[in-house]
Amino acid sequence: MPLKTAQYDQDFLKANMMGPNAILILEELLDHLSLSSRMRILDLGCGKGLSSIFLAREYKARIFALDLWIPATDNHIRFQKTGLDDFIVPIHADAHELPFANHFFDAVISVDSYHYFGNNDTFFSEKIRPLLKKGGLVALAFPGLKSELQTVPEAMKPYWKEEELPMLHSAAWWKELFKDELHELHIWEMACFKEAWKSWLDTDNPYAVQDRAMLRTDNDRFMNLIGITGTVS
């Protein structure tokens, strides 16, 4: 089946990427999951809203697009330009202070952000689980490691700081973290790693330009993309 990514305005995608292609990642992440227009979905750490646009366009669900760094007004203007603003509520908030009622969401989805705040024993149980309805869906994708590292490899020191290493973990580490939190737990190294990163590196974003050297140096040795799906009881 042709990728839906090709159906999106490529200039718009490149102008609004903040990392590896979120739409490519979502296509793989959600491939075997059932989302519907009846759902309320939290897009946690949505950046400039590409993931929210995809979810609204493909599923016609009600999307709550939350990010700390991108102003809600900026995202609202972006959503208006796509004609999807009736489906998406832009919110400016911190992931640690989520302004929602308990059992409000049918799903929580997060692309390229969960590792910043969820890499600990308490975030999911205290901040995410209460927001989900019984049977609520969780779908996460973010950068990870092929295996655990105790220190930054010498070759990667120009690109990674030691204090950032706790945000990067292997699929096995994340499985241990979520094994008692999610039913039907599925964790894997995502096949779209190279293509999603290539889309980002092909932009002229200054951060993408910096990341080109990082990916060349890594050369398939350390980095991957990790996908996680499951449901709550």
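Above this text you will find the structure in question.
On a predicted model such as this, the values are computed, not experimentally measured, just so you know. (Residues numbered from 1 in each chain as written. Predicted model: local features only at pLDDT ≥ 70, side-chain atom pairs only at ≥ 80, totals over all residues. Heavy atoms only, no water.)

1. Description of the side chain of Ser110
Filter applied, for reference: To qualify as a helix, a DSSP run of H or I must reach at least 4 residues; to qualify as a strand, a run of E must reach at least 2; elements of each kind are numbered from the N terminus. Whenever a nitrogen or oxygen atom comes within 3.5 Å of another N or O atom, the pair is scored as a polar contact, on the condition that within protein one atom can donate a hydrogen and the other can accept it, and that pairs from neighbouring residues in sequence are kept only if both atoms are in side chains. Every residue pair with non-hydrogen atoms within 4.5 Å of one another is taken to be in contact.
The topology assignment puts Ser110 in strand β4 (residues 105–111). Of the polar contacts made by the side chain of Ser110, one reaches the side chain of Ser113; its length is 2.8 Å. Beyond its immediate chain neighbours, meaning those up to four positions away, Ser110 contacts Leu44, Ala139, Leu140 and Ala141.

2. Some points on the sheet that holds strand β5 (residues 132–145)
Quick reminder of the rule: Any two strands with at least two DSSP-identified bridges between them are counted as paired. Helix axes are fitted to C-alpha atoms over the stretch in contact, other axes to C-alpha atoms as well, and angles between N-to-C directions run from 0 to 180 degrees.
Ordered by their spatial adjacency, 7 strands build an open sheet running β3-β2-β1-β4-β5-β7-β6, and the pairing between neighbours is mixed. In the strand order of this sheet, the two ends are held by β3 (88–92) and β6 (183–189), each with one partner. For this sheet, the mean inter-axis angle between neighbouring strands, taken without regard to orientation, is 15 degrees. Bridging between strand β1 (residues 40–44) and strand β2 (residues 62–67) involves 5 bridges; their strand directions are parallel. Considered in β2, the bridge of Arg40 is made with Arg62.

3. Comments concerning the pairing of β5
Under the convention used in this document: Under the scheme applied here, a residue whose accessible area is under 20% of the maximum for its type counts as buried, over 50% as exposed, and between as partly exposed, the area being computed with a 1.4 Å probe on protein chains only.
Burial runs high along β5: 11 of the 14 residues are buried. Bridge count between β4 and β5: 6 bridges; the pairing is parallel. For Val111, the partnering residue across the bridge sits in β5 and is Ala141. Inspection of the sheet shows β5 paired to strand β7 (residues 223–231) by 9 bridges, in the antiparallel sense. When the bridges of β7 are listed, Ala141 appears paired with Gly227.

4. Examining helix α9 (residues 206–218)
Filter applied, for reference: To estimate how far a helix should extend, the number of its residues minus one is multiplied by 1.5 Å.
Taking 1.5 Å as the rise per residue, α9 with 13 residues should run 18 Å; its terminal C-alpha atoms sit 19 Å apart, in good agreement. All of the buried residues in α9 are Ala208, Asp211, Met214, Leu215 and Asp218. Looking at the buried side of α9, the elements it contacts are α8 (193–201) and β7. Phi for Asn219, located one or two positions after α9, is positive at around 50 degrees.

5. Here we look at the environment of Ala141
By secondary structure assignment, the location of Ala141 is in strand β5. As a C-alpha pair, Ala141 and Phe105 span 36 residues in sequence and 19 Å in three-dimensional space. If we ignore the near neighbours within four places in the chain, the residues touching Ala141 are Ile25, Leu29, Ser110, Val111, Asp112, Ser113, Met190, Ile226 and Gly227.

6. Re the pattern of salt bridges
Where we set the bar: By definition here, a salt bridge exists when the distance from a side-chain nitrogen of Lys or Arg to a carboxyl oxygen of Asp or Glu is within 4 Å.
Applying the stated criterion across every chain, the model contains 7 salt bridges. The closest approach of N and O atoms between Glu58 and Arg57, which form a salt bridge, is 3.8 Å. A residue is classified by how much of its surface remains accessible, and Glu58, at 23% relative accessible area, is partly exposed. Arg57 gets classed as partly exposed once you look at its relative accessible area, which sits at 31%. The salt bridge partner of Asp220 is Lys194, with a shortest N-O separation of 3.4 Å. Of this pair, Asp220 sits in the loop between α9 and β7 while Lys194 sits in helix α8, placing them 26 residues apart in sequence.

By themselves, these observations are geometric and do not establish any function.
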